[in-house]
Amino acid sequence: MFELRLLAPETKIEILGEALDALDALSISVEDADAQTEAEQALFGEPGMPPPKAGWERSRVIAQFPDEAAAREAALVLSAQDFFEGCELVGVAEVPEQDWVRLTQSQFAPVEITPEFWIVPTWHEPPSAARQVIRLDPGLAFGTGTHPTTRMCLRWIAGAGDLSGHRVLDYGCGSGILAIGAAKFGATDIDAVDIDEAAVESTRLNAQANHVQLKAGLPDAARGQYGVVLANILATPLKVLAPLLCQHVAAGGSLVLAGILERQAQELQEAYAPYLALSVSDSEDGWILMTARA
Ligand SMILES: C[S@@+](CC[C@H](N)C(=O)[O-])C[C@H]1O[C@@H](n2cnc3c(N)ncnc32)[C@H](O)[C@@H]1O
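Per an unreviewed UniProt entry, the chain is named Ribosomal protein L11 methyltransferase, and its organism is Variovorax dokdonensis. The annotation that UniProt attaches to the chain under Catalytic activity (unreviewed entry) is "L-lysyl-[protein] + 3 S-adenosyl-L-methionine = N(6),N(6),N(6)-trimethyl-L-lysyl-[protein] + 3 S-adenosyl-L-homocysteine + 3 H(+)".

In structure tokens:
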């Protein structure tokens, strides 16, 4: 494989991306050309949302092509375009052969939820102190345990102790990680729902791989009342879902919400106030966990 390297201002990233796409680039990445220097610029965004900007003031664009001829041809075509003004061709270079599977795997280490509860990819041995383990590999659906919102929900589950007497609803299940976590802590009657069919399928497969029983489906599979309702979505959908989620919480049951930034606590409290009194019960990296008892 060969890669074509360019420098470009932020205003040219979108058009360059489209052109490289039309030139059959296999992949395109954009990095801050000033990364690791004093001029490095942070771009802040929320997970699941488009990036706030297409690139940096000085972006390094790297496009991969199957062979050298295709990369050089793309360089020639691009540099002849009017829009290329202000961009710079850095060069074409061969990409050294990599063991991509090993490289990807090395980026996912076991994640500690509590000293005794771990999320462990299948290519790792669980740590010796682990008493409860979810085996999970990164896949199509969100939820590997590496995001603070997922970790806070799992910590809540671990802190809740024995869930055997409770029906549990995981609303927005992604990989099914929270539902599987609830099963590991004793829950046997679990519904895991998501608007994304790929997440539903992923939840089924991950539950099988972890030898736990749960029912995965689209949101209308959530029926009746539950002792625990978990929803790790984002603040805006959580506000819309307030009446629906609260109606699923049984008397004396718990509602556990994540995907909320610290500055969004009050708007969530206001949206849920007609049904339940939410309070902040955990926080990590600017994200908060909000919970309520019915
Ligand atoms: C941030 S992921 C959380 C996944 C997992 N529960 C976790 O804690 O890691 C949010 C999930 O909610 C789903 N989702 C978003 N809006 C939804 C809605 N209105 N109803 C049901 N699921 C929704 C998304 O498809 C996604 O899989």
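Asks: What should I look at first to understand the sheet that holds strand β9 (residues 189-193) in this one?
Replies: The strands that make up a sheet are held in pairs by hydrogen bonds between backbone atoms, and each pair lies either parallel or antiparallel. The seven strands are arranged β10-β9-β8-β11-β12-β14-β13 in an open sheet whose pairing can be described as mixed. Each end of this open sheet is capped by a strand with a single partner; those strands are β10 (215-217) and β13 (279-284). Taken over all neighbouring pairs, the strand axes of this sheet differ in orientation by 15° on average, direction set aside. Inspection of the sheet shows strand β12 (residues 249-261) paired to strand β14 (residues 287-293) by six bridges, in the antiparallel sense. Looking at β14, one finds that L261 is bridged to W287. Relative to the sheet, helix α5 (residues 177-184) contacts β8 (167-171), β9 and β11 (226-232), its axis offset from that of β8 by approximately 160°. Sitting on the sheet, helix α6 (residues 197-209) touches β9 and β10, and the angle it makes with β10 is about 160°.

Asks: Quick question: what am I supposed to make of helix α4 (residues 148-160) here?
Replies: Residues spaced three or four apart along an α-helix face the same direction, because each turn holds 3.6 residues. The first and last C-alpha atoms of α4 sit 18 Å apart over 13 residues, in line with the 18 Å expected at 1.5 Å per residue. Within α4, burial applies to T149, T150, R151, M152, C153, L154, W156 and I157. Check the buried side of α4 and you find it contacts β5 (111-114), α5, β11, β12, β13 and β14. Looking at the residues trailing α4, positive phi occurs at G161, about 80°.

Asks: Before we go on, may I ask you to explain the site of the ligand in this structure?
Replies: Of all residues adjacent to the ligand, which total 21 residues, the nearest are G143, T150, G172, G174 and N232. Elements that contribute at least two residues to the shell around the ligand include exactly α4, β8 and α5. Classifying every residue of the shell around the ligand gives 12 nonpolar, six polar and three charged.

Asks: Whenever I open this one, the packing of α4 against α5 confuses me. Can you help?
Replies: What describes two packed helices is the angle between their axes and the distance between those same axes. Axis separation between α4 and α5 bottoms out at 10 Å; the angle between their running directions is 20°. By the angle between their directions, the pair α4 and α5 is classed as roughly parallel. For the pair α4 and α5, the sense of crossing is right-handed. Contacts between α4 and α5 involve T150, C153, L154 and I157 from the former and I177, L178, G181 and A182 from the latter. Grouping the amino acids of the contact of α4 with α5 by side-chain chemistry returns six nonpolar, two polar and no charged.

The rules behind these values
Residues numbered from 1 in each chain as written. Predicted model: local features only at pLDDT ≥ 70, side-chain atom pairs only at ≥ 80, totals over all residues. UniProt positions renumbered as here; feature names shortened; annotations may be inferred. Pairing = 2+ DSSP bridges. Helix = DSSP H or I, 4+ residues; strand = E, 2+ residues; numbered from the N terminus. Axes fitted to C-alpha atoms, helices over the stretch in contact; angles between N-to-C directions. Contact = placed C-beta atoms within 7 Å. Expected span 1.5 Å × (residues − 1). Buried ≥ 20, exposed ≤ 12 C-beta atoms within 10 Å, placed from the backbone. Near = placed C-beta within 6 Å. Nonpolar A, V, L, I, M, F, W, Y, C, P; charged D, E, K, R; others polar. Parallel < 35°, antiparallel > 145°, perpendicular 65-115°, else oblique. Left-handed = near helix turned anticlockwise from the far one by under 90°.

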